[in-house]
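Chain by chain, the residues run as shown.
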Amino acid sequence: MSAEISTAYEPQLVEEKWYRIWLEQKSFEAKTQSNKPSYAIVVPPPNVTGVLTMGHVLNTTIQDILARRARALGKEVLWLPGMDHAGIATQNVVEKRLRAEGLTKHNLGREAFIKKVWEWKERYGGIIIQQLQKLGCSCDWSRERFTMDPEYICAVQQTFVDLYQKGLIYRGKRMVNWDPFYQTALSDEEVISTPTMGKLYYVRYGVVEEPGTFLEIATTRPETLMGDTAVAVNSGDLRYQRFVGQHCWRPFPRTKIPILCDDAIDPTFGTGVLKVTPAHDKLDFEIGLRHGLEVVDVMNPDGTLNALAGEEFDGMDRFEARQKAIEKLRDLGLLVREEEYQNNVGYSERGGVPVEPRLSEQWFLKYPRIKETLQAVSSGQICFRPERWVKTFEHWIDNIQDWCISRQLWWGHRIPVWYHHDDPGRIYVGTEPPLDKENWRQDPDVLDTWFSAWLWPFATMDEETRRRFYPTQDLVTAPDIIFFWVARMIMAGFEYQGRIPFENVFFTGIIRDLQGRKMSKSLGNSPDPLDLIEKYGADGLRFGLMRIAPHGQDIRFDEKQIEEGRNFANKLWNACRFRQLQGPRTDALAPDPFSPYSAYILHRLNETVDRIENAFRGYLFTEVAQSLYEFVWSDFCDWYLEAAKTELQNQRESVRLNCLSVADHVLSSVLRLLHPFMPHLTEELWHRMSFGDSTIQFAPVNNVRVDVARLNPVDIAFAQRVYEAATVTRNLRAEYRIASNKRVRMILEPAESADFSVFGRLVNADPLDVDPKVVAKPGVPVAMTPLGQVFIPLEGTIDLSAEKERLRKEIAKLELEIAAVQKKLGNESFVARAPAVIVTKHRQREKDFMKRLDQLRERMAGL
RNA sequence: GCACGGUUAGCUUAGCGGUAGAGCGACUGGUUUACACCCAGUAGGUCGGGGGUUCGAUUCCCUCACCGUGCACCA
C-alpha cells in the first residue's frame, strides 16, 4: 500500500503525471497486429487555428469515454486524432498578422504567403492538441494527421481527378453564393439565412409604349436596378396582361427593357411586378435564362459597384449605393413609397456579411452515391443517435444540389487543373502537372475545406491501418455539421472504400449559457475550459459535464455542475482514504458468508453494473455517470461505509477482513467502471490502493458482478430495513432538535430478533436498549420503523403537547395517503381492470399504512 | 410556411401509463473512526394551458401558447 492519502484530492499533479506516463507507455497506440477485436473512432478534426471550447470538451470527452470503455472491454482501440487546415479561418488569421506588419497577401505573392501560413502553423497552429491532452484524451498521437499532410493532399487530388474523370465534377458559370468580404464562392451550406429588418421600396418604371403610364414594382434591393434587363409579371395576372411585349424605362442608366411574363412571379407579392436582374438574383437569373435576357453584372467581387452601374456608382459600396439609388429615385419622382419589411438575408457563415448572389465560373460536384447514402441511414445500417436526426438528414438528401467546391483562397488544396496558355479551352486535369508545364497555367483556386474533410475516415489511415480499423465504429460530432461533414463522409466511404465509414453517429447537444444562448466569442459567455481544468481538474470537468449532458439535448452550462464533478472526485478519494486507513489490501472477496450490509452493497453493485451496461448500449452517458455518482455517494459512502464502521470494530478478525474484502471489491470495481469518465483520478487511486500492478486502462470490467448465489435475499432485505429504520429515526431526532452528533439513549421494541448494533450506530443511539416488553411513558417520542418502534426517552420534562402535535401531523399525513389508496381500491373498475400485480401492490400498501396508523393512534391514546 | 426538439421544486434536471426523484440554492442542527470539496434533517411541485383516450395520464393522442433548431420563401 502506498503512502497515506492526503485529506483533499489535488488533481493538477496527478493528472499531468499520469498523462505523461500513458504517453511514455504508448498505451494509446493502436496495434494492427494484436488479436483483439477492433474498435475505432476518428476525431472530428478541429481547426488548426482552434482553441479548446466547451463544445470540444463535450465532444472529446464522449469519444474518450467510448475509447477507454472499449479498451476495458478488451478491444484493440484506435482513436485517430488530427486537425483540419480550415481554409478561410487560417488564411484570415495569417492575413491579420500580416496586416499588423503592414503587409497584405497580395504584395507578398501567393508562394510567399503560403510559406507564411506554414510558418504560422508550425509555430502557433494546433494549440488545441496540447489542450486536448490536458483533458486526458487517449488518442493515438502517433497517427495524428493534418488535412494538408503530403499523403492527404495526394488523396484529395486523386479524388478530384477521379470524380472529374467520372464526369461528376464539372466547371460551370452559375449563380453562386458570394462572400464579398473574403471574396470567395461558398456552398449553400455555408449561408445562414437570418431574419433582417429592411425596407420594401415601391418604384415606378415608365412604360415606353404608353408614356405617362407606369408599372409599379416592389424591391428590397434598389441598388441592383442598374442591372435590370427586364420587368416580369405572371402570365395569369390580368392587371398587367396588356403590357406584356411592351417595354419599360429602366430609370438609370436609362434604357428600354422588355416587359415579359414568367410563371415564377407570384402575383400576390408586392405589386406582382418583378424587376429582373439576372446577374444579382438566383430567381432572376433563371428567368433570364428562360427568356434569353442580357446579364449585366454591376458589381465587383468586393461588393462595390462597377462602371456598368453608371459613373456616379462606380466604386461605391453596395449598401451606400442602395441609399444613393433611393435618393435618385426620389429625385426622379419614381419612388412611390417605402415600407418596413422583414426578410431573410443570407449571411456568410465565416465572413459575417450578407452573401451576394453572383454569377461566376466555379467547380461543382454532382454528389456520388446519394442513393446508397440515404439508404444506409434510413435503413439504420448507420445508426444516428438520437434517431430524430435521420429526418433532418433525409430532408437534406432529398433536396440536394450540386456542391460548389472551388474557393477563391490561397490556403488549401489547389485544384489540380491546368489551362493551356494558347487555348484556354484546353484543360488538363491530373495529380501531376502537365509535362510542358510552361505552357499551362494552374487553376488559381483551392477546394472547399470540406472537400478534404469528407475523406477523413480513410484518408487518415495507411493501408495496414485501414485493413484493420476501417470502417470505424463510432463518430461523435455536433449536429450542425450533419450536412457539411457526416453526409459527405458516407458518400465518400461508399465511393472509395465501397462501404460505410462508421456504424454509429452520436450527435451531441450544443452547450448554451444559463440564458440559453449559444456560447460564442463575441458574447463572451463561454468559459475557458483550461480555467475550469485549473480550478476543478480535468476529471472534475469531464464528469461534471457528462452528468448534465442529456442525451441529444442542448446543455445549459452552469459552473456549479463542474464543481460537483470536483466534489465527487474528492468524495471517492476520501472513500479510498478511509479504506486505506483500515489496513492493507485484501486479496479477493472473502469466501465466508457476507454480512447483510455487505450483501446489500454487492447487490446494489450488481444493479449498478446492469444500469451502466444498459446505458452504454444506448449511449446514455449521463445515465452512466449518474449511476456511478449515486452508487458511490449514497450506497457506498453514506450507507455501506457507515455500517461498516461497526463491523470494522468487531473483535473477530474474520468479520473485519470479510468487510474489507467487500470494500475492496466495490472500490476496485468503481474505479474500473468510472475510469472512462475520470481517467486520472481512477488511475491514481488504482495504484495507491494497490489494486493492480499495471495501468487501470486495460483492467477488465466484465468481472465486477458478484455471484447472486452468494447474496442472501433475506440479508439484503434486512439491511434495507435497517437503513429505512435509520432514516425514520433520524427524522424523529431532528424533530426534537437533538443534535445529530449527540448520543442519546433509545429503546427499540423489536419486531424481529436480530443484531441491531449497526442500527444503533447509524442513529447515534447510546445505549440502544432492545426490549420486547418496553412500556414507554406517555409522551415519549416514538418512531415507527420497519425494525419496530423506537423510543427516545428524553431527559427532563416530557413535552406532552409537542409529541401530541407531532403525532397528529403524522397521522394526518398518513390518513391522506390511506384515503388515496382506498379511493383507488374502492373503484370497482380499478380492481376489475387493472393488472393484478398493481392491485395487490396497493392492497399491501393499504395494509402497511393501516398498521402504522394503528400504532400511531395507540400511541396518541396513551398521551 | 414545413419539419424536429423542449416546457417537471427558485436554478440545473431525471422519470415517460400505476405512491413525482436527484443535485445546487434556501432553511435547521452538526468537527461523529474518510471527506466542510463534508454529515444529519426540513421546506419547496395543481409535471406550460385546454381537450381527449384509459379503471388510472407528468407519461399516449389532439390542440393552443411560449422557447430553441433546421429547411423553404425571401420582389
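Since the model is a prediction, treat every value here as computed from it, not as a measurement.

What counts and how
Residues numbered from 1 in each chain as written. Chains lettered and ligands numbered in written order. Predicted model: local features only at pLDDT ≥ 70, side-chain atom pairs only at ≥ 80, totals over all residues. Heavy atoms only, no water. Helix = DSSP H or I, 4+ residues; strand = E, 2+ residues; numbered from the N terminus. Rg over C-alpha atoms; globule rule 2.2 N^0.38 Å. Buried < 20%, exposed > 50% of the residue type's maximum accessible area, 1.4 Å probe, protein only. Core = buried A, V, L, I, M, F, W, Y, C linked by side-chain atoms within 4.5 Å. Contact = heavy atoms within 4.5 Å. Pairing = 2+ DSSP bridges. Near = heavy atom within 4 Å. Polar contact = N/O pair within 3.5 Å; in protein donor to acceptor, adjacent residues only side chain to side chain. Expected span 1.5 Å × (residues − 1). Arc of directions from axis to C-beta. Phe/Tyr/Trp six-rings, centres within 6.5 Å; stacked < 30°, edge-to-face > 60°. Lys NZ or Arg CZ within 6 Å of the ring centre and 35° of its normal. Salt bridge = Lys/Arg side-chain N within 4 Å of Asp/Glu carboxyl O. pLDDT = per-residue confidence, 0-100. Axes fitted to C-alpha atoms, helices over the stretch in contact; angles between N-to-C directions. Parallel < 35°, antiparallel > 145°, perpendicular 65-115°, else oblique. Nonpolar A, V, L, I, M, F, W, Y, C, P; charged D, E, K, R; others polar.

Engineer: Explanation requested: the overall build of chain A in the structure shown.
Structural biologist: Assigned secondary structure in chain A consists of 26 helices and 29 strands. Since a compact globule built from 863 residues should have a radius of gyration of about 29 Å, the 37 Å found for chain A marks it as more spread out than a globular shape. In terms of its C-alpha atoms, chain A occupies a principal-axis envelope of roughly 115 × 65 × 55 Å. The buried share among the 863 residues of chain A stands at 53%.

Engineer: Explanation requested: the nonpolar core in the structure shown.
Structural biologist: Generally speaking, nonpolar side chains in soluble globular proteins are found buried as a group. Grouped together as the largest cluster of nonpolar side chains are 136 residues, with contacts concentrated most on Phe621, Phe636, Tyr640 and Phe677. Here this core gets 14 residues from one element, more than from any other, and that element is helix α19 (residues 621–647). In this structure Phe621 touches Ile62, Ile65, Leu66, Phe506, Met546, Phe616 and Phe677, once residues within four positions along its chain are discounted. If you look at the next biggest cluster of nonpolar residues, it comprises 59 residues, including Leu78, Trp403, Phe451 and Phe502.

Engineer: What exactly am I supposed to notice about the sheet that holds strand β16 (residues 403–404) here?
Structural biologist: Strands sit in the order β6-β5-β14-β16 across an open sheet of four strands; the sheet is antiparallel. In this open sheet, the two edge strands, each paired with only one partner strand, are β6 (184–186) and β16. As defined by bridge partners, strand β14 (residues 356–365) adjoins β16 across two bridges and the pair is classed as antiparallel. Bridging from a neighbouring strand, Leu365 pairs with Trp403 of β16.

Engineer: It is not clear to me how the protein's contact with RNA strand B should be interpreted in this structure. Could you clarify?
Structural biologist: In the region of RNA strand B, 58 residues are neighbours, and Ala218, Asn344, Gln649, Arg833 and Arg845 sit closest. Atoms of RNA strand B within 4 Å of the protein: sugar and phosphate make up 63%, bases the balance. Note that a phosphate oxygen of RNA strand B is positioned 2.6 Å from one of the side-chain N or O atoms of Trp633. The dominant element in the surface near RNA strand B, judged by the number of residues it contributes, is helix α17 (residues 559–581), at 11 residues.

Engineer: Just to check I follow, could you spell out helix α3 (residues 87–100) for this structure?
Structural biologist: Residues three or four positions apart in an α-helix share a direction because the helix packs 3.6 residues into each turn. Under the 1.5 Å per step criterion, the end-to-end length of α3 is 20 Å for 14 residues, consistent within 8% with the ideal 20 Å. Turning to α3, its buried residues are Gly87, Ile88, Ala89, Thr90, Gln91, Asn92, Val94, Glu95 and Leu98. On the buried face of α3, the contacting elements are α4 (105–108), α5 (110–123), β6 and α12 (449–453). One or two positions beyond α3, positive phi appears at Gly102, with a value near 80°.

Engineer: Would you explain helix α10 (residues 370–378) in this entry?
Structural biologist: Restricting attention to buried positions, one finds in α10 the residues Thr373, Ala376 and Val377. On an axial view of α10, the arc spanned by its buried residues comes to 90°, and they lie on one face. In the core, the buried residues of α10 are packed alongside β15 (383–385), α11 (389–398) and α15 (482–497). Looking at the residues trailing α10, positive phi occurs at Gly380, about 90°.

Engineer: Can you walk me through the packing of aromatic side chains in this structure?
Structural biologist: The description of two aromatic rings rests on the distance between their centres and on the angle between their planes. This structure, assessed with the given rule, holds 45 aromatic pairs. Seen from their ring centres, Phe616 and Phe677 are 6.5 Å apart, and the 55° between their planes marks the pair as tilted. On the criterion of sequence distance, the pair formed by Phe616 in helix α18 (residues 596–617) and Phe677 in the loop between α20 (653–674) and α21 (679–688) is long-range, its members being 61 residues apart. Phe677 shares its class with Phe616; the two are buried. Aromatic ring contacts, followed pair by pair, group Phe160, Tyr164, Trp363, Tyr367, Trp396, Trp403, Phe451, Trp454 and Phe483 into a single cluster. Across the ring face of Trp410, the terminal group of Lys105 is positioned such that the distance to the ring centre comes to 5.7 Å.

Engineer: Help me out: how do you make sense of the pattern of salt bridges in this one?
Structural biologist: Pairing between side chains of opposite charge can happen when the charged atoms of each approach one another. The full count for this structure, using the stated rule, is 53 salt bridges. One salt bridge in this structure joins Lys366 and Asp402, with 3.8 Å as the shortest N-O distance. Here Lys366 is found in the loop between β14 and α10, whereas its partner Asp402 is found in the loop between α11 and β16, with 36 residues between them in sequence. The exposure class assigned to Asp402 is partly exposed, which follows from its relative accessible area of 25%. Look at the salt bridges and you will find they share partners, linking Asp162, Lys166, Arg369, Glu372 and Glu495 into a network.

Engineer: Mind showing me how you'd approach the confidence of the model for chain A here?
Structural biologist: For residues with low pLDDT, the predicted coordinates do not support detailed interpretation. Averaged over every residue, the pLDDT of chain A is 91; residues scoring 70 or more account for 99%. Scoring the predicted complex yields pTM 0.93 and, for the interface, ipTM 0.95.

Engineer: What's the story with the packing of α18 against helix α22 (residues 713–735) in this structure? I'm lost.
Structural biologist: When two helices pack together, their arrangement is given by the angle between the helix axes and by the axis-to-axis distance. Two numbers describe how α18 lies on α22: the axes approach to 8 Å, and their chain directions differ by 95°. Judged by the inter-axis angle, α18 sits roughly perpendicular to α22. Residue-level inspection shows Pro596, Tyr597, Ala599, Tyr600 and His603 of α18 in contact with α22, the latter providing Asp715, Ile716, Phe718, Ala719, Gln720, Val722 and Tyr723. Among the residues forming the contact of α18 with α22, the class breakdown is nine nonpolar, two polar and one charged.

Engineer: Can you help me understand the side chain of Ser138 in this one?
Structural biologist: Position of Ser138 among the secondary structure elements: in the loop between α6 (127–135) and β4 (145–146). Side chain to side chain, Ser138 and Asp64 meet in a polar contact 2.6 Å long.

Engineer: I would appreciate a short explanation of the sheet that holds strand β8 (residues 214–219) in the present structure.
Structural biologist: If you walk across this open sheet you meet the three strands as β8-β7-β13, and the pairing is antiparallel. With one partner strand each, in any of the chains shown, β8 and β13 (335–348) form the two edges of the open sheet. The average undirected angle you get between the axes of adjacent strands in this sheet is 20°. Here six bridges tie strand β7 (residues 191–206) to β8, and the two strands are oriented antiparallel to one another. Looking across to β8, one finds that Tyr205 is bridged to Leu215.

Engineer: So what exactly am I meant to see when it comes to the pairing of strand β9 (residues 230–233) here?
Structural biologist: In the case of a regular strand, side chains alternate between the two sheet surfaces. Here β9 shows a buried face lined by Ala230 and Ala232 and a second buried face lined by Val231 and Val233. Examined bridge by bridge, β9 and strand β12 (residues 273–276) share four bridges and lie antiparallel to one another. Directly across from Val231, in β12, lies its bridge partner Lys275. Of the pairings in the sheet, the one linking β9 to strand β11 (residues 255–261) comprises three bridges and is parallel in character. Counted as the bridge partner of Ala232 is Leu260 from β11.

Engineer: Explain unusual backbone geometry to me, please; I cannot follow it from the model alone.
Structural biologist: Tyr470 connects to Pro471 through a cis peptide bond whose omega is -5°. Inspection of the secondary structure puts Pro471 in the loop between α14 (463–469) and β22 (472–477). A cis amide bond, omega 0°, links Asp766 with the succeeding residue Pro767. Relative to the elements of secondary structure, Pro767 occurs in strand β27 (residues 765–770). Positive phi, normally seen in glycine, also occurs at Lys26, with a value near 55°. Inspection of the secondary structure assignment puts Lys26 in the loop between α1 (11–24) and β1 (38–42). Located in the positive-phi region is Ala86, a residue other than glycine, with phi close to 45°. Of the residues examined, Ala86 reaches a relative accessible area of 5% and is grouped as buried.

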